[in-house]
Amino acid sequence: MLLRGRVLVNFAKVKVTETPKIRIGDAVKLIKERAKAKFDETIDFQLRLNVDPKHGDQNVRGTCMLPGGLGKNVSIAVLTSNELNEVALRAGADFVGQEEILKSIKDGTYKFEKLITTQEMLVHLKPYARLLGTKGLMPNPKAGTLVLPQELTQAIKGAKAGSIEFRVDSGSNLMVPVGKKSFEDKVILMNIKAFSIALNQKRPTSLKGQLIGQARIKTTMGEPVEVDIQSFDQRNKENDLKDLVY
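Residues numbered from 1 in each chain as written. Predicted model: local features only at pLDDT ≥ 70, side-chain atom pairs only at ≥ 80, totals over all residues. Heavy atoms only, no water.

Peer 1: I'm lost on unusual backbone geometry in this one. Help?
Peer 2: Glycine aside, a negative phi is what most residues show, and trans is what most peptide bonds show. One non-glycine residue, S172, lies in the positive phi region at around 70°. By the secondary structure assignment, S172 is in the loop between strand 7 (163-167) and strand 8 (173-180). (Helix = DSSP H or I, 4+ residues; strand = E, 2+ residues; numbered from the N terminus.)

Peer 1: What am I meant to see in the side chain of T219 here?
Peer 2: Position of T219 among the secondary structure elements: in strand 9 (residues 212-219). Looking at T219, its side chain comes within polar contact range of the side chain of E41, at 3.0 Å. When residues no more than four places from it in sequence are discounted, the contact partners of T219 are I31, A35, E41, T42 and I43. (Polar contact = N/O pair within 3.5 Å; in protein donor to acceptor, adjacent residues only side chain to side chain. Contact = heavy atoms within 4.5 Å.)

Peer 1: Whenever I open this one, the sheet that holds strand 3 (residues 76-79) confuses me. Can you help?
Peer 2: Where strands meet in a sheet, backbone hydrogen bonds hold them as pairs that are either parallel or antiparallel. Read across the open sheet, the four strands follow the order 4-3-5-6; overall the sheet is parallel. Where the open sheet ends on each side, the last strands, each with one partner, are strand 4 (95-96) and strand 6 (146-147). Sheet topology note: the strand 3/strand 5 (residues 114-118) ladder contains four bridges and is parallel. Looking at the pairing, A77 lines up with L115 of strand 5. Sheet contacts for helix 3 (residues 98-107): strand 3, strand 4 and strand 5; angle to strand 3, the most-contacted strand, approximately 120°. Contacts from helix 5 (residues 152-161) reach strand 3, strand 5 and strand 6 within the one sheet, and its direction differs from that of strand 5 by about 170°. (Pairing = 2+ DSSP bridges. Axes fitted to C-alpha atoms, helices over the stretch in contact; angles between N-to-C directions.)

Peer 1: How should I be thinking about helix 1 (residues 24-34) in this particular structure?
Peer 2: An α-helical turn contains 3.6 residues, so any two residues separated by three or four positions project in the same direction. Listed in full, the buried residues belonging to helix 1 are I24, A27, V28, L30, I31 and K32. Tucked inside the fold, the buried residues of helix 1 contact strand 1 (42-49), helix 6 (185-201), strand 9 and strand 10 (225-226). (Buried < 20%, exposed > 50% of the residue type's maximum accessible area, 1.4 Å probe, protein only.)

Peer 1: Even after reading the chapter, I still don't get the sheet that holds strand 10, so can you show me in this structure?
Peer 2: Read across the open sheet, the four strands follow the order 8-1-9-10; overall the sheet is antiparallel. If you trace the sheet from one side to the other, it starts and ends with strand 8 and strand 10, each paired once. Examined bridge by bridge, strand 1 and strand 8 share seven bridges and lie antiparallel to one another. When the sheet's bridge partners are listed, T42 is paired in strand 8 with K180. Lying over the sheet, helix 1 contacts strand 1, strand 9 and strand 10, oriented at roughly 30° with respect to strand 9.

Take a look at the structure:
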């Protein structure tokens with residue numbers, strides 16, 4: 001799930017807790033202790049990458065399956081051939097049917113949060129490409145939402161289980177949700193470890209030096225806490241999460 005509607009504020013403009021660069025486990029405990037909102041706040045992981053997205057090979061983008069999930073049931077629409085509608089429903093799709101989905105997009109009445117499409121149906125979405133793109137809904141193979149028919153079941157189940165999409169913005173910033181305040185610390189840390197692994201798999205081959213320049217973690221309403229990169233980066237063999245199994 002790519003949360004493109006949520007704004008990642010500039011690192012230089014955000015007030016950070018007075019405790020600089022603390023270990024990832026301590027950071028998770030701290031932001032949860034400080035969370036005072038009456039709702040179950042989302043925990044966001046914010047990164048500043050040492051990349052220049054203007055260069056195509058440094059436009060870091062990918063997907064990640066969070067083992068602990070996100071504590072949210074994502075509503076999914078599947079645009080595919082009619083004979084695969086039943087397959088999609090069994091896999092967990094919430095909306096199927098070519099005419100119904102396309103009409104809801106055209107009218108702006110759609111209720112889904114993610115759109116998965118098989119390749120042969122992409123032509124039907126071209127008239128709405130700009131609209132869907134601004135909402136982060138346009139199917140894309142890199143996001144795991146434009147798939148082959150034989151990949152459809154896995155794509156739907158993955159999206160339901162906690163698959164997220166990440167993409168660096170024009171300012172080299174990246175933000176992903178890694179859980180909820182109500183989650184156990186271990187679950188949040190497992191999600192962070194899985195994301196770190198997925199991120200490093202998308203490391204540009206042309207990049208020299210460290211991929212991550214700065215890292216912060218925060219709850220929806222809380223102030224960000226700056227995190228020691230070496231405490232979670234899976235390229236560091238002595239990171240704090242190395243023995244965490246999921």
